[in-house]
Amino acid sequence: MKRARSADTATDRVYQGIYQAIVEHRLAPGLRLREEELAESFGVSRTVVRQALQRLAADQVIELQHNRGAQVPQPDLAQAASVFAARQVVECEIARQLAGRLTPAQLAALRALVIAEAEALQRGDHATAVRLSGQFHRELAALGGNPVFLRWIDELLPITSLLIMLYQRHGHPGCVAHRHEDLVEALASGPPARAAAEMRRHLQELARSLAQTPAAAALRDVFASYREPAATAR
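The structure presented is a predicted model; accordingly, all values stated were derived computationally and were not measured. (Residues numbered from 1 in each chain as written. Predicted model: local features only at pLDDT ≥ 70, side-chain atom pairs only at ≥ 80, totals over all residues. Heavy atoms only, no water.)

Side note on unusual backbone geometry
A negative phi angle characterises most non-glycine residues, just as the trans form characterises most peptide bonds.
Right, on to step 1. Even without being glycine, His 25 reaches a positive phi, approximately 65 degrees.
Right, on to step 2. As for its position among the elements, His 25 is in the loop between helix H1 (7-23) and strand E1 (32-33).
Right, on to step 3. Positive phi, close to 60 degrees, is recorded for Gln 60, a residue that is not glycine. (Helix = DSSP H or I, 4+ residues; strand = E, 2+ residues; numbered from the N terminus.)

A closer look at the nonpolar core
Right, on to step 1. By size, the foremost hydrophobic cluster in this structure holds 51 residues, and its most contacted members are Ile 18, Leu 33, Leu 53, Ile 62 and Leu 140.
Right, on to step 2. By residue number, the principal contributor to this core is H1, which donates eight residues.
Right, on to step 3. Core analysis: the second largest hydrophobic core is formed by 11 residues, Ala 80, Val 83, Ile 164 and Leu 206 among them. (Core = buried A, V, L, I, M, F, W, Y, C linked by side-chain atoms within 4.5 Å. Buried < 20%, exposed > 50% of the residue type's maximum accessible area, 1.4 Å probe, protein only.)

Some thoughts on the packing of helix H2 (residues 35-42) against helix H3 (residues 46-58)
Right, on to step 1. Contact geometry for H2 and H3: axes closest at 9 Å, N-to-C directions at 110 degrees. Classified by the angle between their axes, H2 and H3 sit roughly perpendicular to one another. Mapping the contact onto sequence places Glu 35, Glu 36, Leu 38 and Ala 39 in H2 and Arg 46, Val 49, Arg 50 and Leu 53 in H3.
Right, on to step 2. Here the contact of H2 with H3 is composed, by residue class, of four nonpolar, no polar and four charged. (Axes fitted to C-alpha atoms, helices over the stretch in contact; angles between N-to-C directions. Parallel < 35°, antiparallel > 145°, perpendicular 65-115°, else oblique. Contact = heavy atoms within 4.5 Å. Nonpolar A, V, L, I, M, F, W, Y, C, P; charged D, E, K, R; others polar.)

Quick notes on the pattern of salt bridges
Right, on to step 1. Tallied over the full model, the rule gives 14 salt bridges.
Right, on to step 2. Between Glu 24 and Arg 131 there is a salt bridge whose closest N-O contact spans 4.0 Å. A residue pair is termed long-range when its members are at least 10 positions apart, and Glu 24 in the loop between H1 and E1 and Arg 131 in helix H6 (residues 126-144) qualify at 107 residues.
Right, on to step 3. For Arg 131, a relative accessible area of 32% corresponds to the partly exposed category.
Right, on to step 4. Members of the salt-bridge network, linked through shared partners, are Arg 179, Asp 182, Glu 198, Arg 201 and Glu 205. (Salt bridge = Lys/Arg side-chain N within 4 Å of Asp/Glu carboxyl O.)

Now the structure itself:
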């Protein structure tokens, strides 16, 4: 029964693998996502890959075009204004609602994410820093308790990541860890207006950092950790 991962579980694994690879800057914007190559990379059937791609397309994480297959979106810089405007509406409201209401344990968990992100940046582990940055924003949305806001954040994080990969000025560290630290302190200290203003400042700084271009990788290497054990040993 070692092979008895359900189709749903395998589909979830492929879905999460591609989603995280986009968020962590391991898949370049515009990259074609070929079913056969993905099936080999994950060690699953093309049917499972197709199901995952259809879900990713429905969630607007990837683009799926008739007779052209799937590809990582390649947003233009003009879309950045809309993306960050949407994030400000959602995340400033999340910050306003959470201000002064988080428990010591919740604040400690957020601070631990910020410290881990800063440590990853310090040792040059960009993929981990990007993952932790997204996790920080998603955790705030989860703490807010609004499932619609959480779903919107899940849709906005991948396109934000692609915009950063394509257009962020050279040398800028993506989401800045010290801004996350300032945000946690604003949430802890209480005034809702201050917390919302700190979130707005953070997102505006991120939007202003955008201006130029990218990098790529082989699918088999990108998804090595998601491969079925049998496929890895092959």
